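Results of the structural survey
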Number of protein chains: 4
Amino acid sequence: MTELQRRLTEFAAAREWQQFHVPKNLAAALSVEAGELLEIFQWLTPEQAAAVMDDSENAHRVRDEVADVLAYLLQFCTSVGVDPAAALAAKIERNELRFPVPGRGAGGDAG
Amino acid sequence: MTELQRRLTEFAAAREWQQFHVPKNLAAALSVEAGELLEIFQWLTPEQAAAVMDDSENAHRVRDEVADVLAYLLQFCTSVGVDPAAALAAKIERNELRFPVPGRGAGGDAG
Amino acid sequence: MTELQRRLTEFAAAREWQQFHVPKNLAAALSVEAGELLEIFQWLTPEQAAAVMDDSENAHRVRDEVADVLAYLLQFCTSVGVDPAAALAAKIERNELRFPVPGRGAGGDAG
Amino acid sequence: MTELQRRLTEFAAAREWQQFHVPKNLAAALSVEAGELLEIFQWLTPEQAAAVMDDSENAHRVRDEVADVLAYLLQFCTSVGVDPAAALAAKIERNELRFPVPGRGAGGDAG
């Protein structure tokens with residue numbers, strides 16, 4: 001993700017958009033784009049939603065909105081100095097303690 | 001991101017949560033978590049927002065919500081078979097054509 | 001809604017919260033609260049979602065989040081000087097032209 | 001708001017859209033529209049945001065998105081049988097106890 005963050009930073013700098021890319025604006029933009037991704041699904045049944053990629057127009061929209069969400073998430077992380085992969089790895093470790101797998105002992109895998 | 005996607009898939013499978021992790025639910029959860037990240041900033045001035053990581057409690061909340069957003073984005077991508085890094089790389093290339101840098105010729109860098 | 005807007009304005013003024021209640025912050029807070037309402041439904045099947053009010057704890061959460069969404073919507077409208085009921089009435093009229101009812105002539109009800 | 005709820009119900013029924021207007025979908029649509037309202041503000045400074053209605057195009061967008069948010073909030077309330085004005089009035093009363101006004105005694109207004 002570091003390489004994508006670098007490309008996004010260069011892209012914004014070349015267009016003098018960095019003045020807008022402050023944490024509060026980027027958090028708002030991330031939320032807006034997540035809404036645009038959800039919009040694709042809002043009237044679909046769970047079954048229709050599961051088949052969303054079968055329609056090429058919808059598939060393009062999904063990829064486009066995923067890209068926008070990831071772009072603003074990475075730019076947000078750059079703006080606050082957070083490493084997103086490290087943050088997620090730490091959270092997975094916390095969640096492994098918080099939500100133990102049924103049937104596994106505290107010492108590790110029950111298998 | 002592929003490794004994080006694999007860990008998230010295993011985490012959900014071990015807890016039998018995959019039944020809930022369908023595209024529509026994951027798009028909704030992603031939007032909800034993006035809202036929780038924005039909540040940290042909603043009453044802050046731009047200056048206070050830029051200094052959000054100076055407060056250790058806020059810094060922890062930011063890392064935690066970044067992890068949640070990334071987790072649901074990656075799980076969403078797994079559920080629809082989209083490669084998020086490839087989607088973003090393709091979008092950056094489209095945007096380089098759509099938003100040309102002022103002062104650069106079509107042939108490349110004006111420098 | 002005018003009476004509720006007045007009560008919300010007095011409530012905020014008495015606590016000196018009006019400094020925070022500027023349009024951008026209120027639009028962000030509205031979006032955050034809409035996310036909290038959606039959170040109640042994110043893992044539910046459509047059938048479980050339709051029965052959400054049968055559970056008294058969920059019913060309380062739904063009423064509480066509806067109140068928060070409406071509160072920030074009304075406070076946003078106060079901050080920008082928009083009459084929400086008039087805005088919606090105008091939109092319904094535009095939508096009646098935009099989405100004509102099948103089987104009804106342009107002159108009115110086909111019945 | 002009851003009259004607007006009735007008009008929205010008739011509008012949807014005439015177009016056979018009620019099948020889509022189930023609580024989970026309406027909560028998602030409400031969140032999506034709140035995001036579209038926020039989008040107008042995402043790159044604005046607080047000062048620019050406070051003057052948003054001075055630009056006639058932005059003013060139209062704001063009224064349009066306010067109408068959409070209110071429409072989905074009211075349709076959501078119809079779908080779950082919640083009275084939004086009553087929910088908000090009850091919340092204001094709870095909040096008056098939860099956030100007492102500084103300098104006012106428990107018996108009422110200090111003035």
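Just above sits the structure.
These remarks concern the structure in this document. Residue positions are counted from 1 within each chain, in the order its sequence is given. Chain letters start at A and ligand numbers start at 1, both assigned in the order the entries are written. Local features in this predicted model are restricted to residues of pLDDT 70 or higher, and side-chain atom pairs are both shown and tallied only at a pLDDT of 80 or more, whereas totals for entire chains, interfaces and linings draw on every residue. Think of the side-chain values as coming from all heavy atoms in the structure, minus any hydrogens and water.

Moving on: the interface of chain C and chain A. Contacts between the two partners involve 5 residues from chain C, matched on the other side by 5 residues from chain A. Defined here as a combined quantity, buried area equals the accessible surface (1.4 Å probe) lost by two parts on assembly, summed across both. Each partner contributes to the roughly 340 Å² buried at the junction of chain C and chain A, and carbon and sulfur atoms together form 57% of this total. Salt bridges, as used here, are contacts in which a Lys or Arg side-chain nitrogen is within 4 Å of a carboxyl oxygen on Asp or Glu. Scanning the region where chain C abuts chain A turns up 0 salt bridges. Polar contacts here mean pairs of N or O atoms no more than 3.5 Å apart (in protein, one a potential hydrogen donor and the other a potential acceptor; neighbouring residues in sequence count only if both atoms are side-chain atoms). Where chain C meets chain A, there are 2 residue pairs in polar contact (both at pLDDT 80 or more). By definition in these notes, contact holds between two residues if any of their heavy atoms fall within 4.5 Å.

This part covers the relation of the copies chain A and chain B. Overlaying chain A on chain B yields an RMSD of 0.0 Å, the required transformation being a rotation through 180 degrees with an accompanying axial translation of 0.0 Å. Given the turn and translation reported, the copies of this chain are related as if by a two-fold rotation axis. Among all residues of chain A, the one whose C-alpha sits closest to the rotation axis is S31(A), at a distance of 3.2 Å. Both copies share a contact surface, since 100% of the interface residues of chain A are interface residues in chain B too. When the copies are superposed, the least-squares fit draws on C-alpha atoms of residues that have pLDDT of at least 70 in both.

Per the counting criterion, the structure on display carries 24 salt bridges over all chains. The residue E10(A) makes a salt bridge to R6(A) at a minimum N-O spacing of 2.5 Å. With E10(A) and R6(A) both in helix α1 (residues 2–14) and 4 residues apart, this pair spans about one turn of that helix. For the salt bridge of D64(A) with K91(B), the shortest nitrogen-to-oxygen distance reads 3.1 Å. One end of the pair, D64(A), is in helix α4 (residues 56–80); the other, K91(B), is in helix α5 (residues 84–98), on a second chain. Residues D64(A) and K91(B) agree in their burial class; the two are buried. What you see here is one network of salt bridges that share partners, running through D64(A), D68(A), K91(B) and R94(B). In this text, helices come from DSSP runs of H or I with a minimum length of four residues, and strands from runs of E with a minimum of two, each type numbered from the N-terminal end. The cut-offs for exposure are 20% and 50% of the maximum accessible area for each residue type, with area from a 1.4 Å probe on protein chains only; residues under the lower value are buried, those over the upper are exposed, and the others partly exposed.

Read these as layout, nothing more, since geometry by itself doesn't imply function.
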